[in-house]
Number of protein chains: 2
Amino acid sequence: MRKNFGAKPVFFPMPVLIVGTYGEDGTPDAMNAAWGCLCAPNQLSLFLSAGHRTVKNLLAKGAFTVSMATAKELVPADYVGMVSANDVPDKLEKTGWHLHKSEFVDAPVIEELPLTLECRLVRYDPETTQLVGEIVNVSAEESVLGEKGQVDPALLDPICYDSENSQYLRLGEVVGNAFRDGGALK
Amino acid sequence: MRKNFGAKPVFFPMPVLIVGTYGEDGTPDAMNAAWGCLCAPNQLSLFLSAGHRTVKNLLAKGAFTVSMATAKELVPADYVGMVSANDVPDKLEKTGWHLHKSEFVDAPVIEELPLTLECRLVRYDPETTQLVGEIVNVSAEESVLGEKGQVDPALLDPICYDSENSQYLRLGEVVGNAFRDGGALK
């Protein structure tokens with residue numbers, strides 16, 4: 001039996017994206033966002049309402065970073081989503097994360113998060129809340145790279161957000177034998 | 001050490017979204033899309049180039065469904081992403097999936113996929129490839145609902161796409177003790 005729920009924001013998996021910015025005065029900030037995805041081979045879209053400090057910052061600087069939250073960094077990743085820089089201006093300091101400025105854009109790289117997309121602002125529309133960023137560079141810690149130099153999700157150990165149950169999940173094992181690998185249709 | 005990769009579409013996790021449509025003549029179609037996310041409490045965005053049969057269909061009908069691919073349905077979910085309806089018009093028939101028309105929009109519900117977002121077309125922009133849908137209804141099989149009536153990801157068993165390694169992954173276990181549950185910052 002199928003049950004109808006009406007309109008509802010249900011989606012699996014949702015990412016846990018840590019969006020890093022600098023304020024006009026250089027204060028770093030980060031927030032946690034689940035509504036985002038790639039939208040072109042060198043672009044991503046996030047949907048962020050205009051009240052976020054992050055949005056003010058990236059409009060001022062024209063840049064931001066997007067890092068994938070990992071199981072190891074669960075507590076600070078959740079913290080930056082629960083607390084607003086509008087209320088706690090030095091919230092990023094409380095995470096204990098170490099930062100350096102991206103070589104490519106005017107935004108912080110969080111050293112504890114091993115995979116970061118360094119982005120230039122393309123456009124932001126406060127009405128639709130769509131933020132488009134050009135991925136100028138992807139940087140990854142060598143510790144999360146597999147044999148062929150690609151990012152290995154088992155080493156990265158990224159998390160996803162389950163909004164239905166207000167919890168975070170790990171990614172699990174590879175599901176093998178897809179059609180591309182010779183798996184047969186019934 | 002961090003390694004720089006330049007511009008590259010890396011993102012974890014990416015969903016495996018099965019987009020269902022009817023053609024003008026009523027022929028059902030489905031495709032597999034990884035670039036999509038929620039963009040409002042009752043809307044989602046997908047990024048699909050205009051050449052897809054799916055896009056032609058949803059522009060004609062003003063409707064589409066988005067179902068989460070599951071580990072159990074890995075082979076047909078991958079198949080509909082590997083084969084184009086422009087080449088194999090009856091591709092959906094080959095999956096063995098059973099379909100019925102959504103009660104709410106003019107698009108097919110795939111019975112083997114237990115979670116479906118039934119959407120009305122809001123807009124499509126061939127230049128940015130952004131498709132926005134209004135989620136009119138979410139339907140879910142009772143077999144994937146937890147005790148409180150919410151979707152339980154352990155029961156749904158959705159997969160995500162790993163484009164770095166061209167493979168699919170399960171979602172894994174809950175990562176506990178986030179900040180919201182009392183987890184302490186260092």
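What you are looking at is a predicted structure, and each value in this text was computed from that prediction instead of being measured.

1. A short note on the packing of aromatic side chains
Residue and element names in this part refer to chain A.
Okay, step 1: Applying the stated rule across the entire model yields four aromatic pairs over all chains.
Okay, step 2: Measuring from ring centre to ring centre gives 5.2 Å for Y161 and Y168, while their planes differ by 50°; the resulting arrangement is tilted.
Okay, step 3: Take Y161: its relative accessible area is 17%, and that puts it in the buried class.
Okay, step 4: K8 extends its terminal NZ or CZ atom over the ring of F5, reaching a point 4.6 Å from the ring centre.

2. Concerning the environment of A7 of chain A
Okay, step 1: With respect to the element layout, A7 of chain A can be found in the loop between β1 (2-4) and β2 (14-15).
Okay, step 2: Exposure remark for A7 of chain A: the relative accessible area of 48% places this residue in the partly exposed category.
Okay, step 3: Not counting residues within four places of it along the chain, the set of residues in contact with A7 of chain A comprises N42, I135, V136 and N137 of chain B.

3. Structural notes on the interface of chain A and chain B
Accessible area lost when the parts come together is the quantity often used to give the size of an interface.
Okay, step 1: Facing the 93 residues of chain A at the interface are 93 residues of chain B.
Okay, step 2: Between chain A and chain B, roughly 8100 Å² of surface is buried when both sides are summed, and carbon and sulfur atoms account for 62% of that area.
Okay, step 3: Contact with chain B buries area across many residues of chain A, yet R2, F11 and R180 of chain A alone supply 11% of it, more than any other trio.
Okay, step 4: For the pair chain A and chain B, the number of links is eight salt bridges.
Okay, step 5: With a closest N to O distance of 2.7 Å, R180 of chain B and D78 of chain A form a salt bridge.
Okay, step 6: Our count for the contact surface shared by chain A and chain B stands at 47 residue pairs in polar contact (both at pLDDT 80 or more).
Okay, step 7: It is strand β13 (residues 167-175) of chain A that provides the largest number of residues to the side of chain A that touches chain B, a total of nine residues.
Okay, step 8: A breakdown of the residues in the side of chain A that touches chain B according to their chemical character gives 53 nonpolar, 22 polar and 18 charged.
Okay, step 9: Relative to strand β13 (residues 167-175) of chain B, β13 of chain A is paired through five bridges, and the arrangement is antiparallel. The partner of V174 of chain A across the bridge, within β13 of chain B, is L169 of chain B.

4. Notes on helix α1 (residues 53-61) of chain B
Residue and element names in this part refer to chain B.
Okay, step 1: Within the span of α1, buried status applies to T54, V55, N57 and L58. The buried side chains of α1 occupy one side of the element, clustering within an arc of 160° when seen end-on.
Okay, step 2: Elements that come into contact with the buried residues of α1 comprise β3 (17-22), β4 (28-33), β7 (63-68), β10 (115-125) and β11 (130-141).
Okay, step 3: In the stretch just after α1, G62 is the one whose phi turns positive, near 70°.

5. Regarding helix α2 (residues 74-82) of chain A
Residues three or four positions apart in an α-helix share a direction because the helix packs 3.6 residues into each turn.
Okay, step 1: Among the nine residues that make up α2 of chain A, seven are buried, leaving the element largely enclosed by the rest of the structure.
Okay, step 2: Buried residues of α2 of chain A: L74, V75, P76, A77, D78, Y79 and V80 of chain A, and no others.
Okay, step 3: The elements touched by buried residues of α2 of chain A are β3 (17-22), β4 (28-33), α3 (91-94), β12 (159-162) and β13 of chain A together with β13 of chain B.

6. Digging into the relation of the copies chain A and chain B
Okay, step 1: Aligned on chain B, chain A shows an RMSD of 0.0 Å; the corresponding rotation is 180° and the shift along the axis is 0.0 Å. The superposition of one copy onto the other is thereby described by a two-fold rotation axis.
Okay, step 2: Both copies present the same face, since 100% of the interface residues in chain A are matched by interface residues at the equivalent positions in chain B.

7. So, the pairing of strand β6 (residues 43-47) of chain A
All names here are of chain A.
Okay, step 1: In terms of burial, β6 is a largely internal element, four of the five residues being buried.
Okay, step 2: Note: strand β5 (residues 36-40) against β6, four bridges, orientation antiparallel. Paired with G36 across the two strands is L46, which belongs to β6.
Okay, step 3: Joining the antiparallel neighbours β5 and β6 is a turn of two residues.
Okay, step 4: Where β6 and strand β11 (residues 130-141) come together, five bridges link them in antiparallel fashion. If you follow L44 over to β11, its bridge partner there is G133.

8. Some details on the confidence of the model for chain A
Okay, step 1: Counting all residues, the mean pLDDT for chain A is 97, and 100% of those residues have values of 70 or more.
Okay, step 2: Here the prediction assigns the complex a pTM of 0.97, and the interface score ipTM is 0.96.

9. A few points about the sheet that holds strand β12 (residues 159-162) of chain B
Pairing between the strands of a sheet comes from backbone hydrogen bonds, and it takes one of two forms, parallel or antiparallel.
Okay, step 1: In space, the six strands of this open sheet follow the order β2(A)-β12(A)-β13(A)-β13(B)-β12(B)-β2(B), with antiparallel pairing throughout. Because the sheet does not close on itself, it has two edges, and the strands there are β2 of chain A together with β2 (14-15) of chain B.
Okay, step 2: Summarising the sheet, β12 of chain B and β13 of chain B pair through four bridges and their orientation is antiparallel. The partner of I159 of chain B across the bridge, within β13 of chain B, is R170 of chain B.

Conventions and cut-offs
Note that residues are indexed from 1 along each chain, following the sequence as it is written. Written order decides the labels, with chains lettered from A and ligands numbered from 1. Residue-level local features of this predicted model are given only where pLDDT is at least 70; pairs of side-chain atoms are given and counted only at 80 or more, and the full residue set underlies all totals for whole chains, interfaces and linings. Calculated side-chain values reflect all of the structure's heavy atoms, with hydrogen atoms and water omitted. Side-chain rings of Phe, Tyr and Trp, where Trp is taken by its six-membered ring, are said to pair if the distance between their centres is within 6.5 Å; with planes under 30 degrees apart they count as stacked, over 60 as edge-to-face, and otherwise as tilted. Three exposure classes are used, based on accessible area relative to the maximum for each residue type with a 1.4 Å probe and protein chains only: buried under 20%, partly exposed in between, and exposed over 50%. Geometrically, a lysine NZ or arginine CZ counts as sitting over a ring once it is within 6 Å of the ring centre and also within 35 degrees of the ring normal. By the criteria applied, helices consist of DSSP H or I runs no shorter than four residues and strands consist of E runs no shorter than two, each listed in order from the N terminus. Contacts: residue pairs with any heavy atoms within 4.5 Å of one another. Here the quantity called buried area is the total loss of accessible area, with a 1.4 Å probe, experienced by two parts when brought into contact, counted for both. Think of a salt bridge as a Lys or Arg side-chain nitrogen and an Asp or Glu carboxyl oxygen that are within 4 Å of each other. Counted as a polar contact is a pair of N or O atoms within 3.5 Å, where, for protein atoms, one must be capable of donating a hydrogen and the other of accepting one, and residues adjacent in sequence contribute only when both atoms are in side chains. For this classification, Asp, Glu, Lys and Arg are treated as charged, while Ala, Val, Leu, Ile, Met, Phe, Trp, Tyr, Cys and Pro are nonpolar and the rest, including Gly, are polar. DSSP-based pairing: two strands are paired if at least 2 bridges between them are found. Note that the arc is computed from the directions linking the helix axis to the C-beta atoms. When the copies are overlaid, the least-squares fit takes in C-alpha atoms only where the residue has pLDDT of at least 70 in both copies. Confidence scores per residue from the predictor, reported as pLDDT, run from 0 to 100.

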